[in-house]
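Letter by letter, the chains look like this.
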Amino acid sequence: MANRKGLIIDVNLRSHENNLAHRTREIDRERLIVRRGQPFSITLHCSDSLPPKHHLELVLHLGKRDDLVIKVQKERGAGDKWWFYQQGSQEEMLLTLHSPADAVIGQYRLAVLVMSPDGRILEKTDKIRFHLLFNPWCKDDVVYLPDESLLQEYVINEDGVIYMGTWDYIKSIPWNYGQFEDHVMDICFEVLDNSNDALKNSKMDTEHRSDPIYVSRIITAMVNSNGDRGVLTGSWDEPYSGGVAPYRWTGSVPILRQWSKAGARAVKYGQCWVFAGVACTVLRCLGIPTRLITNFYSAHDVDGNLTVDFLLNERLESFDGRHRKDSSWNFHCWVESWMNRDDLPKGNDGWQVLDPTPQELSDGEFCCGPCPVTAIKEGNLGVKYDAQFVFAEVNADIIYWIVQRDGKRQKIREDQGSIGRNISTKSVYGDHREDVTLHYKYPEGSKMEREVYKKAGRRVTVPTNERTEPGQLQLSIKHAKPVFGTDFDVIVEVKNNGGRDAHARLTVLALAVTYNSLSRGECQRQTISMTVPARKAHKEVLRLHYDDYVRCVSEHHLIRVKALLEVSGENEPIMTVANIPLSMPEVLIQVLGKAVVWEPLKANISFTNPLPVPLKGGIFTVEGAGLLSATEIYVKGDIGPGQKVSVQLSFSPIRTGVKKLLVDFDSDRLKDVKGVTTVVVHKKYMSVITGPN
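The model shown is predicted, which means the values in this text are computed figures rather than measured ones.

Counting through the fold element by element, isoleucine 173 comes out in strand 11 (residues 169-176). When its relative accessible area of 6% is taken as the criterion, isoleucine 173 is described as buried. For the pair isoleucine 173 and lysine 674, spaced 501 residues apart in sequence, the C-alpha separation works out to 6.8 Å.

Written as structure tokens, this is what we have:
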């Protein structure tokens, strides 16, 4: 029974001091948010001293239905128990709580009880709430990362760079993770609460939230909406009706807020980099060090034979794909999270692949990982989770077949070295690219690489890129780096290394494709017969006009050229393929004046139309963590060829530090044009104190 006098008058959670010490001040300055394995202190103010032999008891409650109830020990116990230490006078007490390094993450309710010597509750205060997160600064936490510069990048940094394009023409876009923006932490826990496991058995789910392996696996399932109440619906084809086209997003925060506001209804639409960006936000917010990875020329090997088979008809068009699900993507994004793997043999700690893009089922859910990067490098494909699938993404062979009219297949090209190139992430030391390919595989053609392939059950053959017998022809495609909106040339060269003239037929086909190899239609085709003299070369020029490719080009602005050479007197044709990305203009951003927290700031945003035709329906989307929420600015009227359009934006920064302002421009004919600038937001210095804040 509660004491009517009200012995406990006030509880001070000391959020400012605690959150600063626990590196959570960016999330919230008012609410108490702490990290596990690190002590925090609260003060109790009592109206009177506790009667003799009376004492305090602390009880923690976790979960909507009090799924977990923990009695906090008074004295220091074993490392896996909560305990508290009491200091100060009986009227003003400082209570220091120590959480174990493997405590469950989530929102806790703390009850403080005043107990009589015979065990009766004299008074109870149970309105105290705080959040507990993973702690990569704590050496006993399984997500411990012992490098401060890595922690600043992989937990604290809200601004990212995502690499896209092709392995030989890598471009980047900025991404606002915004893990410390208002309400994002609450939405991250909401994501966990809406998982299939949580809805089925909330007690079991709550108990498992001490384990980052379990939590990260739930997040990869929940970022996509396949089979659950997940955040994003994927779509890989226009039109993106009833939603936002994937290329228009510039950050995770609007997606998470929209999902939460709609009552856990999936947001439309995402593709791999959007899924990975949202997963990175949620994992960093919860305290798991995470980085976004791009794998160039990424394989999707469905049948697990470590080859990706492309079937073409005699016109070099992709064969009816209903029976073929293997594919290769120009790039594919996933995330890596840092954690120990106590569930696996030694040597599997460190970076773990987590892929939230829905591709294949894993234990009945559309999720992938965590899979140790070291297991992929060493070819240990029996480890949890999904090692065989990830291994194929960076190591599969590509085989092209022509399916003849009678149904017979003829192999025309085998490529063992293209999959998994220039695997990239943002550097810790700035906005430039770090190549992490050697984390995933030994150097191509090395002895160790071959040993790994044998261990993985893949056949090993010595690559033969060129044959030097007489009459041997070599085929290559050369091109400049064309700009979208211009006409450009593609040069196909046929080189005869042999000692006699060769008679051949050359077919060149230019297709518009998406980044994940879906064909959008034929731009141009050319077939010619030729004689290539011995030890000479023949060049064929294919001119691609803007008017031809604009009719079918996808939002990824990518042209794929295939060249097939059929030689008289030889059974096996020669084939080569080149991807030609069309480079895009840039949005220019100019910030006017000095940026000071809570003070208005102006930015000029400008863009010049590079196309020979007008642009209609122009729209700028602007956002930035700590600067402003996603804001849309519509352009009035058409933007003529070569015309420059400028808009001005006013906003007030809400947090100090180095921030990024991100802009996306879209119109009817030109989409996914990005711009970014750095804004250093200064503290507000007040010369006259006008009263309390």
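From this point on, the discussion continues.
Looking at the element boundaries, arginine 560 is found in strand 28 (residues 558-567). Despite its burial, arginine 560 pairs with no opposite charge, the nearest such side chain being aspartate 168 at 10 Å. At 2.7 Å, the side chain of arginine 560 forms a polar contact with the side chain of asparagine 579. When sequence neighbours within four positions are dropped, the list of residues in contact with arginine 560 reads Asn330, Leu509, Ala510, Leu511, Val513, Ser517, Val577, Ala578 and Asn579.

Here arginine 129 is to be found in strand 9 (residues 121-133). Residues arginine 129 and leucine 62 lie 67 residues apart in sequence; the distance between their C-alpha atoms is 10.0 Å.

Another point: the nonpolar core. Trp273 and Leu286 are the most contacted members of the largest nonpolar core, which has 65 residues in total. The element contributing the most residues to this core is helix 8 (residues 272-286), with 12 residues. Aside from chain neighbours lying at most four places away, what touches leucine 286 is Ile105, Leu133, Phe134, Cys188, Phe189, Leu192, Val215 and Ile219. Of all hydrophobic cores here, the second largest spans 60 residues; its members include Leu475, Ala512, Met530 and Leu542.

Okay, the confidence of the model for the protein next. Per-residue pLDDT for the protein has a mean of 89; in total, 94% of the residues score no lower than 70. Across residues 462-471, where pLDDT falls below 50, the model places 10 contacts with residues more than four positions away in sequence or in other chains.

So, about the sheet that holds strand 19 (residues 397-403). Here we have 3 strands laid out as an open sheet, ordered 15-19-20, and mixed in their pairing. Each edge of the sheet is formed by a strand with only one pairing partner; in this case those strands are strand 15 (307-312) and strand 20 (409-415). Neighbour-to-neighbour, the strand axes of the sheet open up by a mean angle of 25°, direction not taken into account. Bridging between strand 19 and strand 20 involves 6 bridges; their strand directions are antiparallel. Bridge pairing in strand 20 places tyrosine 400 opposite arginine 413.

Rules and cut-offs
- Residues numbered from 1 in each chain as written.
- Predicted model: local features only at pLDDT ≥ 70, side-chain atom pairs only at ≥ 80, totals over all residues.
- Heavy atoms only, no water.
- Helix = DSSP H or I, 4+ residues; strand = E, 2+ residues; numbered from the N terminus.
- Buried < 20%, exposed > 50% of the residue type's maximum accessible area, 1.4 Å probe, protein only.
- Lys, Arg positive; Asp, Glu negative; His and termini not counted.
- Salt bridge = Lys/Arg side-chain N within 4 Å of Asp/Glu carboxyl O.
- Polar contact = N/O pair within 3.5 Å; in protein donor to acceptor, adjacent residues only side chain to side chain.
- Contact = heavy atoms within 4.5 Å.
- Core = buried A, V, L, I, M, F, W, Y, C linked by side-chain atoms within 4.5 Å.
- pLDDT = per-residue confidence, 0-100.
- Pairing = 2+ DSSP bridges.
- Axes fitted to C-alpha atoms, helices over the stretch in contact; angles between N-to-C directions.

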